[in-house]
Number of protein chains: 2
Amino acid sequence: MSLTIGFQGVKGAFSEEALYNFFTEDVETVALKKFEDILISLGNGTIDYGVLPIENSSTGAISDVYDLINTYSCYIVGETYVKVNHNLMGITGCALETIEEVYSHPQAFEQSKDFLNKYNWKLIPYYNTAKSAEYIMKKNNKKIAAIGSKKASQLYNLNVLASNINTNNQNTTRFIVLGKELVSSKECNKISVVLSTVHKAGALYNVLKHFAENNINMLKIESRPLVHTPWEYYFYIDFEGNIEDDIIKNALHEMSKDCHHFKILGNYKQAIKN
Amino acid sequence: MSLTIGFQGVKGAFSEEALYNFFTEDVETVALKKFEDILISLGNGTIDYGVLPIENSSTGAISDVYDLINTYSCYIVGETYVKVNHNLMGITGCALETIEEVYSHPQAFEQSKDFLNKYNWKLIPYYNTAKSAEYIMKKNNKKIAAIGSKKASQLYNLNVLASNINTNNQNTTRFIVLGKELVSSKECNKISVVLSTVHKAGALYNVLKHFAENNINMLKIESRPLVHTPWEYYFYIDFEGNIEDDIIKNALHEMSKDCHHFKILGNYKQAIKN
């Protein structure tokens, strides 16, 4: 039986591309409407794995996803990078001069800011880039356009009016693959944790010192608010290592002693950044 | 001559409330359309100071503002907290059943997510909460509503259809006051810096150790991508201290040696969190 993998969006979404980067072609895919739907589907067994964007090289963390992986029971089992190039697209007859409204994901607006600033279009945030393209096709209206991938323009039969409109031509998104179990194998060389420290001076430093003392290479730190305790934070930390390694085991144990909340989010193979 | 202070939005914006928290009533205020307009106005001398939201207790950092204060020449001279309660408002005749579209700032949607999830309204992001209220008043249409402050509903003569719809009733936003010069006085007890480390293992730790070694209390760390160098980061760090203090001076000097980019963003008086 083939695996069932969930992604957010519709056919042609960057998440679908990430999915096929990681899994082979013979998986079944489920297109879901919201990020949270992936976590829910994973919980009730409708899907075996889910693919979610976690960070973009130009616009930073996708905060919603950080919050979701801390809230739901799930583990990161892999990661993959997808180059994200945005294109402005519309139906036949649509041109830069006819456009009044542009539909896309807010992140696509943000990543194409310099281009969009030259026009006076109304920007309407929509579920994702591919769904925006689908919507433009269905509406069949010259006054509206979408921002999305070249693939989406082909799938939904739209003309590209301006290509690679993203400000940064190295625009890349990191996606994570979520499963229900914490798994690890010899080739896993990256660990993600989320923690909150006790509320006293130097608490975060006390946690981080275990990385330095054990020569562990910290790759990233991201902070998110603790919603019900204003001005305290969850720290999401990525670092190199394998959870079966004794040095890592010991460091994780020592670290967790200085924390209120401590969760291993996963141990997986570091993907190659492209 | 009275000072001229810029804020983003229109009359009734939470930023305007923050402005009057910090300055006395006899200042001239300038309502500007975008966050960036405040930095531009500060640069060309149109305003003496600008007030900007930097962080919300429920939804976290306001990334655009973090990026702007690192890009433009400006310094944080103060901070203030504003309790943010959101309300759904419309013209006379507008009711929960007549609404089809809701206008507001995306952060207001995010902060009112649990309430909005109960309805099938189309959410249309707009410049800010007060401008959304103004727009609803002008449109005079029962099918559209806005989310904003009670003050905005009064200013724009709208009925509150649902009050305090924010998920978290402790929802608070921290605002910063920006000026052109780095100033410090005896009562300044909080310092903000932004830095990027050299790209090698343990680099961030090497910077942070100066806080611990000098007994400096780190209050917050936030990371933002270095747009043109994918997967490297700027770290924004807030900590306690006065830049005239010798221990602080020395720590800043040592820290900057381990950094590629190092900028003191300001020294100011810590506001009381409410």
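Residues numbered from 1 in each chain as written. Chains lettered and ligands numbered in written order. Predicted model: local features only at pLDDT ≥ 70, side-chain atom pairs only at ≥ 80, totals over all residues. Heavy atoms only, no water.

Let's talk about helix H9 (residues 246-257) of chain A
All names here are of chain A. Given a rise of 1.5 Å per residue, 12 residues ought to cover 16 Å, and the 17 Å separating the end C-alpha atoms of H9 matches this to within 8%. Among the residues of H9, those classed as buried are Ile 248, Ala 251, Leu 252 and Met 255. What you see down the axis of H9 is that its buried residues fit within an arc of 100 degrees, all on one side. Residues of H9 that are exposed and point over 90 degrees away from its buried face: Asp 246 and Lys 257. Turning to H9, the residues buried within the fold contact strand E12 (190-197), helix H8 (203-213), strand E14 (233-240) and strand E15 (259-268). The distance from a side-chain oxygen at the start of H9 to the backbone nitrogen of Ile 247 is 2.9 Å, and the residue carrying that oxygen is Asp 245. (Helix = DSSP H or I, 4+ residues; strand = E, 2+ residues; numbered from the N terminus. Expected span 1.5 Å × (residues − 1). Buried < 20%, exposed > 50% of the residue type's maximum accessible area, 1.4 Å probe, protein only. Arc of directions from axis to C-beta. Contact = heavy atoms within 4.5 Å. Polar contact = N/O pair within 3.5 Å; in protein donor to acceptor, adjacent residues only side chain to side chain.)

Some words on the environment of Ile 165 of chain B
Residue and element names in this part refer to chain B. As for its position among the elements, Ile 165 is in the loop between strand E10 (159-162) and strand E11 (172-179). C-alpha separation for the pair Ile 165 and Asn 85, spaced 80 residues apart in sequence, amounts to 7.3 Å. When residues no more than four places from it in sequence are discounted, the contact partners of Ile 165 are His 86, Asn 87, Leu 88, Gln 111, Ser 112, Phe 115 and Ile 147.

Regarding the confidence of the model for chain A
In this model, chain A carries an average pLDDT of 93, and 99% of its residues clear a pLDDT of 70 or more. Model confidence for the complex is summarised by a pTM of 0.86, with the ipTM given as 0.82. (pLDDT = per-residue confidence, 0-100.)

Considering the interface of chain A and chain B
You'll often see interface size given as the accessible area lost when the parts meet. Taken residue by residue, the interface counts 45 residues in chain A and 45 residues in chain B. At the boundary of chain A with chain B, total buried surface from both sides reaches about 3,500 Å², with 56% on carbon and sulfur atoms. The largest share of the area that chain A buries against chain B comes from Ser 57, Tyr 205 and Trp 231 of chain A, three residues that together contribute 21% of it. At the junction of chain A with chain B, the criterion picks out 0 salt bridges. Seen at the junction of chain A and chain B, the total is 11 residue pairs in polar contact (both at pLDDT 80 or more). For the side of chain A that touches chain B, the element with the most residues is strand E13 (residues 218-225) of chain A, which contributes 8 residues. Class assignment for the residues of the side of chain A that touches chain B results in 20 nonpolar, 14 polar and 11 charged. (Buried area = accessible area lost by both parts, 1.4 Å probe. Salt bridge = Lys/Arg side-chain N within 4 Å of Asp/Glu carboxyl O. Nonpolar A, V, L, I, M, F, W, Y, C, P; charged D, E, K, R; others polar.)

So, the side chain of Asn 87 of chain B
All names here are of chain B. Residue placement: Asn 87 occurs in strand E6 (residues 87-90). Judged by relative accessible area, which is 1%, Asn 87 ranks as buried. Of the polar contacts made by the side chain of Asn 87, one reaches the backbone nitrogen of Asn 164; its length is 3.1 Å. Setting aside anything within four residues of it in sequence, one finds Asn 87 in contact with Ala 146, Ile 147, Gly 148, Ser 149, Lys 150, Val 160, Ala 162, Ser 163, Asn 164 and Ile 165.

Digging into the sheet that holds strand E8 (residues 122-125) of chain A
Residues and elements named next belong to chain A. Strand order across the open sheet formed by 5 strands is E8-E7-E9-E6-E10, with mixed pairing between neighbours. The open sheet is flanked by E8 and strand E10 (159-162), the only strands paired with a single partner. Across the sheet, the axes of successive neighbouring strands diverge by a mean angle of 35 degrees, strand direction being ignored. Summarising the sheet, strand E6 (residues 87-90) and E10 pair through 3 bridges and their orientation is antiparallel. By the bridge assignment for E10, Leu 88 is matched with Ala 162. (Pairing = 2+ DSSP bridges. Axes fitted to C-alpha atoms, helices over the stretch in contact; angles between N-to-C directions.)

Thoughts on the relation of the copies chain A and chain B
Overlaying chain A on chain B yields an RMSD of 0.0 Å, the required transformation being a rotation through 180 degrees with an accompanying axial translation of 0.0 Å. This pairing of chains is accounted for by a two-fold axis. By residue overlap, the copies meet face to face through one surface: 100% of the interface positions of chain A are interface positions in chain B. (Least-squares fit on C-alpha atoms with pLDDT ≥ 70 in both.)

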